[in-house]
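Close look at the chain arrangement
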Amino acid sequence: MSISPIAVLLILFFVTLIIGIPFVWSLTISCVVSLCFCTGTPLMTIVQKMYNGGAKYTLLAIFFFMLAGAIMQHGGISSRLVNFAKAALGHVHGGLSVAVLAVCMLFAALSGSSIATTAAIGGMMYPELVKEKYPEGYAAALPVAGGTLGIVIPPSIVFVVYGATTGTSVSKLLMSGVIPGVMAGVFMCIYAYLYARKNNIPKSDNFDFKKLIAATKDAIWALLMPIIILGGIYSGIFTPTESAAVAVVYGLFVAAFIHREMTPSKLFQIVIDAVKGTANILMLIMAASLFGYALTVYQFPAMFTNLMSTFITGKYTFLLFLNILLIILGMLMDSGAIILIIAPLVYPMAVSFGIDPVQLGCIIVFNLAVGQATPPFGNCLFAAIPATHQDIVTLSKNVWPFVIILFATVFLVSYVPIFSMLLPNMMN
């Protein structure tokens, strides 16, 4: 009895994954074996499909956004954002915890990465929080929760991947994350304030207007960066890819000539790390493109749509199913991999239910952001371990209130389209 090609693909994929082969190679091996030996697809065709998956102009933005985020982190810009937030918010109850969440939002608007945001802000702010008598577990959970916004608030590498995968406008996708990301951040700040009042956590400092002016002056170059990036995209002055290159040039100028904290050796290492990170993402995109081609050959999208149609009868049921599916997957897999595999499958169904592709992108990315903070497998949880020296159990226990807030915001954005579509619609 012959076994179907799609069964070969899925069995090989899960077996290789279980025995410890990296995700990207599990995906590639299973696709190559399935296509070559079960359908007779020429090896050159497979190579071309993989190459075409990575040869897209919009994907250049990934390298530039990663490089810009690293320059911000190591060029003295992120530390100035921290000082600014502390000067502005330190005088209120829970001010330092609110400052952590605010800095995460600001850093997210510079780096485009949730893991980078959690690691960078956690390393800088966790000792300060403990010094101010915040419970250690709660202090460690704050950068985990705030870090999730790294892929929601633009610039976002994940939005770029989704746009390249589905052919959706990257500019509109980036703008769709602004209001939902800020909303989630504000809701978490409100909880942090109430938590501090309830637990009698003292104010970090008295308000000092002169100190705020000095901190603002010192951080002005950092604060201008997201305005330049988002303003340029929104006004149409440059594309998202061009805005990423502008962010690198601007960040390098500020780090090297304004703050004078960027050395040639440090820059060389930053570039090497950005190249390695980009190569990993591009390899994943190429493997997922081959996986998508294999599924198309086996007519899996049509089968998936027909199967789901028997259970899902309307738009709101579809959104509920999508949110639950993505949050679970977000705990288990890399965000880029999920988008490359899931987006092509759910895209036709979403469009058939009248959901705008831009709103769908925002829903998918926001869900994956929440998954990164959701116990026990969220990536941001693991990123916080070396930065805070807290174990996964402690982090998981303390991050749940923030995860619930993020869940609620996701459902709000899913069922009230204006939150994600207001700014994109104004770009028409």
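Refer to the structure presented above.
Anyway, here's the lowdown on the structure attached to this text. All values derive from a computational prediction rather than experimental measurement.

1. Looking at helix α11 (residues 178–198)
- Compared with an ideal rise of 1.5 Å per residue, which puts 21 residues at 30 Å, α11 spans 30 Å between its outermost C-alpha atoms and is within 8% of the ideal.
- Every buried residue of α11 is accounted for by Val178, Pro180, Gly181, Met183, Ala184, Gly185, Met188, Cys189, Ala192, Tyr195 and Ala196.
- Within two residues after α11, Asn200 carries a phi angle of roughly 55°, on the positive side.

2. Considering the packing of aromatic side chains
- For the structure on display, the rule yields 14 aromatic pairs.
- Each ring, one from Phe13 and one from Phe14, has its centre 5.1 Å from the other, and the planes form 65°; the classification is edge-to-face.
- With a centroid separation of 5.5 Å and an interplanar angle of 40°, the aromatic rings of Phe318 and Phe353 are classed as tilted. A residue pair is termed long-range when its members are at least 10 positions apart, and Phe318 in helix α16 (residues 315–332) and Phe353 in the loop between α17 (335–352) and α18 (357–371) qualify at 35 residues.
- What makes Phe353 partly exposed here is its relative accessible area of 24%.
- The rings of Tyr134, Tyr138, Tyr191, Tyr195 and Phe402 are connected pair by pair, giving a single aromatic cluster.

3. Considering the packing of helix α2 (residues 23–38) against helix α3 (residues 43–54)
- One way to put it is that α2 packs onto α3 with a least axis distance of 10 Å and a crossing angle of 145°. In terms of crossing hand, the pair formed by α2 and α3 is right-handed. Taking contact as the criterion, the partners of Thr28, Val32, Leu35 and Cys36 in α2 are, on α3, Leu43, Ile46 and Met50.
- Of the residues belonging to the contact of α2 with α3, the class tally is six nonpolar, one polar and no charged.

The rules behind each value
Residues numbered from 1 in each chain as written. Predicted model: local features only at pLDDT ≥ 70, side-chain atom pairs only at ≥ 80, totals over all residues. Heavy atoms only, no water. Helix = DSSP H or I, 4+ residues; strand = E, 2+ residues; numbered from the N terminus. Expected span 1.5 Å × (residues − 1). Buried < 20%, exposed > 50% of the residue type's maximum accessible area, 1.4 Å probe, protein only. Phe/Tyr/Trp six-rings, centres within 6.5 Å; stacked < 30°, edge-to-face > 60°. Axes fitted to C-alpha atoms, helices over the stretch in contact; angles between N-to-C directions. Left-handed = near helix turned anticlockwise from the far one by under 90°. Contact = heavy atoms within 4.5 Å. Nonpolar A, V, L, I, M, F, W, Y, C, P; charged D, E, K, R; others polar.

Geometric descriptors of this kind do not, in isolation, establish any biological role.
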